[in-house]
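# Structure at a glance
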Amino acid sequence: MRQQLFAGLLLAVSALLLLSLVLPGLSQAQGEVWRGIPVAPENRCSPYDRDDYPYSQSVELQIIAREGGQICSPYTNECFESRFDTDIEHIIAVSEAHDSGLCAASAATRAQFASDLRNLTLASPALNRNQKRAKDAAEWLPAQNRCWFANQIVSVRRAYSLTIDWREADALDRVLANCDAGIPADSDATPVHVVSDARVNARACADTSCEIVTTFSSGHALDVVEEVEGAAWNDDTRWLKVSHEDGEVYVHVSLVRLVTPTSVPTAAPLPTSTPRPAVSVNANQVTTTWYVVAPAQANARSCPRTTCGIVTSFARGAAVNVLQAVSGESVGGSATWQAVRHGSQVVYVHAPLLSRSRPAPVSAPVRQAGSGQGQASVPPTAVSGPQFSCNCSKTCSAMASCEEARFQLNTCGCSRRDSDRDGVPCESICPGG
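Residues numbered from 1 in each chain as written. Predicted model: local features only at pLDDT ≥ 70, side-chain atom pairs only at ≥ 80, totals over all residues. Heavy atoms only, no water.

### Here we look at the overall build of the chain
So the rule is basically this: A run of DSSP states H or I qualifies as a helix once it reaches four residues; a run of E qualifies as a strand once it reaches two. Both are numbered from the N-terminal end. Buried, partly exposed and exposed residues are distinguished by accessible area as a fraction of the type maximum, computed with a 1.4 Å probe on protein chains only: under 20%, between the cut-offs, and over 50%, respectively. Any pair of residues with heavy atoms lying within 4.5 Å of one another is described as a contacting pair. Only the protein chains shown count as cover for residues, with accessible areas throughout obtained via the Shrake-Rupley method and a probe of 1.4 Å.
Broken down by element type, the chain carries 9 helices and 20 strands. Within the span of the chain, comprising 433 residues, buried residues form 45% of the whole. Partitioning the intrachain contacts of the chain with sequence separation of at least 6 by distance along the chain shows that 61% fall at a separation of at least 24. Total accessible area on the chain stands at roughly 21,600 Å², and carbon and sulfur atoms take up 51% of it.

### Observations regarding the packing of aromatic side chains
Let me state the cut-off plainly: When the centres of two rings from Phe, Tyr and Trp lie within 6.5 Å, Trp using its six-membered ring, the rings pair. Their planes under 30 degrees apart give stacked, over 60 give edge-to-face, and anything left gives tilted.
What the rule picks out here adds up to 6 aromatic pairs. Aromatic pair Y48 and Y53: ring centres 6.1 Å apart, planes at 35°, arrangement tilted. Assessed through its relative accessible area of 1%, Y53 is described here as buried. Summarising the aromatic geometry, the rings of Y75 and W148 are spaced 6.4 Å apart at their centres and angled 55° between planes, so their arrangement reads as tilted. Of the two residues, Y75 sits in the loop between β3 (72-73) and β4 (78-79) while W148 sits in helix α7 (residues 146-159), which places them 73 residues apart along the sequence.

### What to know about the side chain of H90
Basically, it comes down to this: Pairs of N or O atoms are called polar contacts if they sit within 3.5 Å, as long as, within protein, a hydrogen donor faces a hydrogen acceptor (for residues adjacent in sequence, only side-chain-to-side-chain pairs).
Tracing the backbone through its elements, the reader meets H90 in strand β5 (residues 87-90). A relative accessible area of 7% places H90 in the buried class. In terms of polar contacts, H90 uses its side chain to reach the backbone carbonyl oxygen of A114, at 2.7 Å. For H90, the residues in contact, after removing those within four places along its chain, are R50, Y55, Y75, A114, N119, L120 and K132.

### As for the confidence of the model for the chain
Applied cut-off: Each residue gets a pLDDT score, which is the predictor's confidence in that residue and runs from 0 to 100.
Taken as a whole, the chain shows an average pLDDT of 76; of its residues, 73% reach a score of 70 or greater. For the chain, the element scoring lowest by mean pLDDT is helix α2 (residues 26-29), at 38; helix α4 (residues 94-98) scores highest, at 95. In this model residues 261-278 is a low-confidence stretch, pLDDT under 50, and it forms 22 contacts with partners more than four residues away in sequence or in other chains. Low pLDDT (under 50) marks residues 363-386, which in the prediction has 43 contacts with non-local residues, meaning those over four places away or in another chain.

### Digging into the state of the cysteines
We count it as follows: Criterion for a disulfide: a pair of cysteine sulfur atoms within 2.5 Å.
Tallied over the entire structure, the rule returns 4 disulfides. Disulfide partner of C205: C210, at an S-S distance of 1.5 Å. With a relative accessible area of 30%, C205 lands in the partly exposed category. Taking relative accessible area as the criterion, C210 reaches 14% and is therefore assigned buried. Between the sulfur atoms of C303 and its disulfide partner C308 the distance amounts to 1.6 Å. Overall, C303 belongs to the buried group, its relative accessible area being 12%.

### A short note on the pattern of salt bridges
Put simply, the rule is: Basic side-chain nitrogens of Lys or Arg form a salt bridge, by our definition, when they fall within 4 Å of a carboxyl oxygen of Asp or Glu.
What the rule picks out here adds up to 12 salt bridges. A salt bridge links E96 to R157; the nearest nitrogen and oxygen atoms lie 2.9 Å apart. Placement of the pair is E96 in helix α4 and R157 in helix α7, with a sequence separation of 61 residues. No difference in accessibility class separates E96 from R157, as the two residues are buried. Between R238 and D236 there is a salt bridge, with its nearest N and O atoms 2.6 Å apart. For R238, a relative accessible area of 14% puts it in the buried group. Of the residues examined, D236 reaches a relative accessible area of 16% and is grouped as buried. Ionic contacts of the salt-bridge type, sharing partners, join the residues E96, R157 and E168 into one network.

### A word on the environment of V251
Along the chain, V251 falls in strand β12 (residues 249-252). Each C-alpha atom of the pair V251 and L240 lies 5.3 Å from the other, and the pair is 11 residues apart in sequence. If near-sequence neighbours (up to four positions away) are discounted, V251 is found in contact with V200, N201, A202, F216, W239, L240, V242 and V256.

### Some points on helix α6 (residues 125-132)
Since the α-helix packs 3.6 residues into each turn, any two residues three or four apart lie on the same face. We apply this condition: This arc corresponds to the set of directions leading from the helix axis out to the C-beta atoms.
Those residues of α6 lying buried are L127, N128 and K132. The arc enclosing the buried residues of α6, seen along the axis, measures out at 95°, which places them on a common side. In α6, those exposed residues whose orientation departs by more than 90 degrees from the buried face are R129 and N130. Where α6 is buried, its residues contact β5, β6 (120-123) and α7. Positive phi shows up at R133, right after α6, with a value of about 50°.

### Looking at the nonpolar core
What counts here: For the purposes of this section, nonpolar cores are sets of buried Ala, Val, Leu, Ile, Met, Phe, Trp, Tyr and Cys residues that join through side-chain atoms within 4.5 Å.
Judged by nonpolar contacts, the single largest core of 43 residues is most densely connected at W34, Y75, F113, F149, I153, I164 and L172. Elements supplying a minimum of two residues to this core: α3 (59-66), α4, α5 (107-114), β6, α7 and α8 (166-180). In terms of residues, this core owes the most to one element, α7, which gives 7 residues. Residues in contact with L172, not counting those within four places in the same chain, are W34, A137, A150, I153 and I164. Counting residues in hydrophobic clusters, the runner-up holds 13 residues, among them A294, V320, V349 and L354.

What follows is the structure in structure tokens.
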């Protein structure tokens, strides 16, 4: 009888193993889901090669156009004098996306992801290369616009059926909990860490066995340097490195909560060199339908200034409910913004990014053979001038004139035409070279 039971059990196990091989998606279909995203550990199912994710430098111009001509980074709300002062930055790093499902995707899907403007923004080289790098949201969060950052990650992961691990999902949940509660994503209201217990021990290292350096009382706002890995406590290995007069100390992450500075009694108002204009908009007035005419999307902010937090983004062609025109920061020579009803909120979009007429679709960049170094050329219908069309594979010797070289650099974003980054392209044919 035992032999029969053992044989039956062995047969059942073998059948399940065979079924998992025949239907590899079965375990995922029955697995956990977070906000519509499959939860799974990162998996490099094929070798990662950065060249498998090409994009054209011209996307930088599209990002700048989306921002109304401003060269700014939403990670810090820092603005720059030139696009040569910034890096093109993937919100979800391509290596992270590769390990989250794109390792099994086609070459076309990988190229589409690399140049998808929903996942692209600008950042300073120092931040992009030294701080964020290929980190996910569990390892790095921006100083500003965290609600926008978290929502973009959710949107892009859904669009490309990317998986997420629980560690990143938990980190995003902590951000989105504030956003869902209506805490503003304004740059002056960046969430800060506040002690939630009556008294909390701050230690010399990220371990409960380390010396207690000081204690913080309930409601104390912490000056957090970064989140680090430490010894597990209550099954959680996350600690906060905190700047303190006695040096850097460590507090376990479960003992604090994220709040906005306005809810911290001891928080001082942030200084500002330029007072924001008072804007009074009746959210219940009649609206008119306008359309987004930005090349990819238009950012909607909490006030009519580029330094204000990004509340959401509207894709090109999207219909928005405009309440009224208001005066705000001058961008590209225009100080007119449109107050837009977004759910129960009033948000602000720079007026040149909207129109009463629905826009025609914009052609996407197409990669051409022989372009080299992953650069792509843009069809003449996408970006064109009076005499020239974009082609980043065209060499300086093939240019008809210095005017064409400047067009390729300044309009098309073909940065290889200016290798020394002095603003003069093709110095063999352009004055000043």
